[in-house]
Amino acid sequence: MAKLPAKVVERLTKETPRFQRILSAAKDRDVNESDTVTIISDMLESVFGFDKYTEVTREFAIQGTFCDLAVKVDGKVEYLIEVKAIGLDLRDSHLRQAVTYGAKEGIKWVVLTNGVTWEVYRVNVQDKVEHEQVCAFNFLELSPRKQPDQEMIFALCRRGVDKKLIEELYEYRKSVNKFMLAAIMMTDPVIGAVRRELRKVKPGLKVTDDEIKGIVESEVLKREVIESETAKETALKVKRCQARLKKKAVAKKAENPED
């Protein structure tokens, strides 16, 4: 992630605790959705650094319906925010509503929140409407002086939007996750490295790559990261990447046989 500007760090350190108190009090009072929207609108200015009069639009019209909030920068909608009352748990039906709003307008970032829980999603509308969670956090549990928590908020901040940090965070989460790590662990180079390390621990040990792969697949990794659709898609992506690299290496060797 990009280094946070000093002014942003100062603002987050000051405003995050203040709105944690405001949200806690609102949750105790079980305020309605309209009041929750008002609080979040204030947060967008005080915490996230937007001008709520020119860069935050309430009741954003989308083909005959309305999304609670839209964040605009230089006239372009950067992300939509679907707000639920602070006392409501966020549900799949709420998420479908938010994703539908984004898909209809071709907006690829949507936020679902009740003020306390924040969920950020990327919406893909190329072939069919799909969504992926980029991150989620509980605002009441954030520590404004801890860098990971600061970075989480900064991705949604005005300066973060300028730097395209949501996109950066999305690409990072796509590359560093349990499915990708599991797929890489099952590749021949990694299995081979495990076999060599085993032989260092027990010299003369006779174990094959297939034996190691079988144990890793059946006893080390969870079924979810091996057998789910996401796992299969990720494994295929890794295999394709390895095939491309191998093809390039063969072509390079053919061009420069002495190297």
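Residues numbered from 1 in each chain as written. Predicted model: local features only at pLDDT ≥ 70, side-chain atom pairs only at ≥ 80, totals over all residues. Heavy atoms only, no water.

Caption draft 1: Representation of the overall build of the chain. A count of helical and extended segments in the chain gives 11 helices and six strands. Rg of the C-alpha trace for the chain: 23 Å, well past the compact-globule value of 18 Å for 259 residues, more than 25% over. Oriented by its inertia axes, the alpha-carbon framework of the chain measures out at about 70 × 40 × 40 Å. Going through the 259 residues of the chain one by one, you find that 41% of them count as buried. (Helix = DSSP H or I, 4+ residues; strand = E, 2+ residues; numbered from the N terminus. Rg over C-alpha atoms; globule rule 2.2 N^0.38 Å. Buried < 20%, exposed > 50% of the residue type's maximum accessible area, 1.4 Å probe, protein only.)

Caption draft 2: Spotlight on the environment of Gly75. Structurally, the position occupied by Gly75 is in the loop between strand 2 (65-73) and strand 3 (76-83). We classify Gly75 as exposed; its relative accessible area is 64%. Along the backbone, Gly75 and Glu55 are 20 residues apart, and their C-alpha atoms lie at a distance of 8.0 Å.

Caption draft 3: Up close: the nonpolar core. Counting residues in each nonpolar core, the largest one holds 44 residues, and the members touching the most others are Met43, Leu44, Phe48, Tyr79 and Phe139. Those residues in contact with Phe48, other than ones at most four positions away along the chain, are Arg11, Met43, Trp118, Ile153, Leu156, Cys157 and Arg158. In this structure, Phe60, Ile62, Ala98 and Ile107 belong to the second largest nonpolar core, which totals 16 residues. (Core = buried A, V, L, I, M, F, W, Y, C linked by side-chain atoms within 4.5 Å. Contact = heavy atoms within 4.5 Å.)

Caption draft 4: Layout of the environment of Met152. Looking at the element boundaries, Met152 is found in helix 4 (residues 147-154). Residue classification places Met152 among the buried residues on the basis of a relative accessible area of 17%. Considered as a pair, Met152 and Leu142 are 10 residues apart in the sequence and their alpha carbons are 9.3 Å apart. Discounting residues that sit within four places of it in the chain, Met152 has contacts with Cys135, Phe137 and Arg173.

Caption draft 5: Structural context of the packing of aromatic side chains. Per the counting criterion, the structure on display carries three aromatic pairs. For the pair Phe48 and Trp118, a centre-to-centre distance of 5.4 Å together with 40° between the ring planes defines the contact as tilted. Here the residue Phe48 occupies a position in the loop between helix 2 (33-46) and strand 1 (56-62), and Trp118 occupies one in strand 5 (residues 117-124), the gap between them amounting to 70 residues. Its relative accessible area of 1% is what places Trp118 among the buried residues. (Phe/Tyr/Trp six-rings, centres within 6.5 Å; stacked < 30°, edge-to-face > 60°.)

Caption draft 6: A look at the side chain of Asp149. Structurally, Asp149 can be placed in helix 4. As a buried residue without a salt bridge, Asp149 has its nearest oppositely charged side chain in Lys146, at a separation of 5.9 Å. Here Asp149 is in contact with Glu141, Leu142 and Ser143, once residues within four sequence places are set aside. (Lys, Arg positive; Asp, Glu negative; His and termini not counted. Salt bridge = Lys/Arg side-chain N within 4 Å of Asp/Glu carboxyl O.)

Caption draft 7: Geometry of the pattern of salt bridges. Within the structure shown, the criterion is met by 11 salt bridges. Linking Asp162 and Arg158 is a salt bridge whose minimum nitrogen-to-oxygen distance equals 2.6 Å. Here Asp162 and its partner Arg158 are both found in helix 5 (residues 158-162), four residues apart, which amounts to about one turn of the helix. A relative accessible area of 45% means that Asp162 is categorised as partly exposed. A relative accessible area of 18% places Arg158 in the buried class. Close ionic contact of Asp209 with Arg195 constitutes a salt bridge, the shortest N to O distance being 2.4 Å. Residue Asp209 is located in helix 9 (residues 209-220), and its partner Arg195 is located in helix 8 (residues 188-201); the two are separated by 14 residues in the primary sequence. Residue Asp209 is classed as partly exposed on the basis of its relative accessible area, which comes to 27%.

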